[in-house]
2 protein chains.
Amino acid sequence: MIQFYAPDIETTGLLPESDSGHCCRVLRMKEGDEVCVVDGKGSRFRCIILEAHPKHTMLEIVERVPVPNHWGFELTLAVAPTKHADRMEWMLEKAVEIGIDRVVLLKCARSERKVMKTERLEKVMISAMKQSLKGVLPILEEVTDFKTFVSSVPDGVAKYFGYCSEEYPRADFSQNFKPQTSVVIMIGPEGDFSPEEVTLAVDHGFMPVTFGDSRLRTETAALYAVTAAHVINRLSNR
Amino acid sequence: MIQFYAPDIETTGLLPESDSGHCCRVLRMKEGDEVCVVDGKGSRFRCIILEAHPKHTMLEIVERVPVPNHWGFELTLAVAPTKHADRMEWMLEKAVEIGIDRVVLLKCARSERKVMKTERLEKVMISAMKQSLKGVLPILEEVTDFKTFVSSVPDGVAKYFGYCSEEYPRADFSQNFKPQTSVVIMIGPEGDFSPEEVTLAVDHGFMPVTFGDSRLRTETAALYAVTAAHVINRLSNR
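Residues numbered from 1 in each chain as written. Chains lettered and ligands numbered in written order. Predicted model: local features only at pLDDT ≥ 70, side-chain atom pairs only at ≥ 80, totals over all residues. Heavy atoms only, no water.

### What about the pattern of salt bridges?
And step 1. Counted by the stated rule, this structure contains 30 salt bridges over all chains.
And step 2. Of the charged contacts, one joins R46 of chain B and E63 of chain B as a salt bridge, the two residues approaching to 2.9 Å between their closest N and O atoms. Taken as a pair, R46 of chain B in strand β4 (residues 43-51) and E63 of chain B in strand β5 (residues 57-66) lie far apart in primary sequence, 17 residues in all.
And step 3. Look at R46 of chain B and you get partly exposed, because its relative accessible area is 34%.
And step 4. Here the salt bridges do not stand alone but share partners, grouping R87, R217 and E219 of chain A together with E93, K94 and E97 of chain B into one network. (Salt bridge = Lys/Arg side-chain N within 4 Å of Asp/Glu carboxyl O. Helix = DSSP H or I, 4+ residues; strand = E, 2+ residues; numbered from the N terminus. Buried < 20%, exposed > 50% of the residue type's maximum accessible area, 1.4 Å probe, protein only.)

Rendered as structure tokens:
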């Protein structure tokens, strides 16, 4: 199954330019053909092509099916962008495939990259949503200061942050993660969170966790955390 | 901590060319400096530089510490190489960081790539072993025919294979994986295993499994499986 993405399909009935090109030029679909479209807001539409145009393909909606995320909890990944942007892109592609609800780019004291354009990440995320047959595009937030973010997470949310140094007592993530209504996992930059950030996070109710005995890169730790949350969630639904 | 890799350190006392260059040219280390070296066979060595040479750095071993893999079970990932080689490289880097013992490249009926050079993958794996502070380099096996591999896995090994089609009854991997002495997980190509391969795998005691309700790319499924195995292993050691 191929999914197209048209965030405004219900108001415009149009496939955006990139998806129109893919549909009509690459796949050579024609007037009268049936296509599957998601709006990234939790709906999938069965549509018929009214006009096959390489830039502005016009559709008629035949059926609308709700496709909410299937994991049953709200997962926010707050991660410090890596020095190399491609590592972030790859990780986000995988995280969206596996399942997240929100991504926050964190600006930390030791961040090697304090600025990151979200356009390219957004494209990667849209592609991963389509590929993995989801109907909800995760929210991608601009780079946010660590302090601002930490103090913005409300009480009642389960809060974790990965921390590398053995000098600080840490819980095992796999053994302590509990799927709850709302979960936030923070992953620090290549140089880890600073001691001040650790104190601030703990003061705001974040649990310092380790992902095991391997030293993981930032993007690997992020993906490990997302996967572990899903695995444990599935186990708890047994 | 920086780890260098010298598979023959005990017999030659030498850092290979690439690591000599990194040590002496990039890090500008000198005679008398202490370095940490792993042999990829489960030992880490504390060494002193006898002669700092950009191609043939000579070392004296001061101490040898055994560093076996820490997860306590043998994990083999048998995976069909993806069409795009970079996806395989990314996945293997992450899998080595998280922890695997052996990788088998599978040639399947529907493989989009039936040939893959192992030199580059080996380099990626060495780098990931060093980076994640491991002392054992996972075994990387050349491309192996699906039928040959499936019939080569002995009884007593826990055997799983990811399968996408809902037409075949599948168990949930997270809910059914049991950490045992030896585990093999097979992940098929972009077009999935063929019906004949599924039958053959089941006949040889492989359990068909699903990783959840998201359609995952080959490399994402492989990484999900490796991570899930570790998470469940840590949970069972609670």
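### A closer look at the pairing of strand β5 (residues 57-66) of chain A
Residues and elements named next belong to chain A.
And step 1. Two elements, strand β2 (residues 14-15) and β5, share two bridges in a ladder whose sense is antiparallel. The residue bridging L14 from the neighbouring strand is M58, located in β5.
And step 2. Pairing of strand β4 (residues 43-51) with β5, which is carried by eight bridges, proceeds in the antiparallel orientation. Looking across to β5, one finds that I49 is bridged to L59.
And step 3. Taking the residues that link successive antiparallel strands as the turn, the β4-β5 hairpin has five residues. (Pairing = 2+ DSSP bridges.)

### Description of unusual backbone geometry
And step 1. Positive phi outside glycine occurs at L133 of chain A, with the angle close to 60°.
And step 2. Relative to the assigned elements, L133 of chain A resides in the loop between α4 (118-131) and β8 (139-145).

Shape descriptors only; they carry no functional weight alone.
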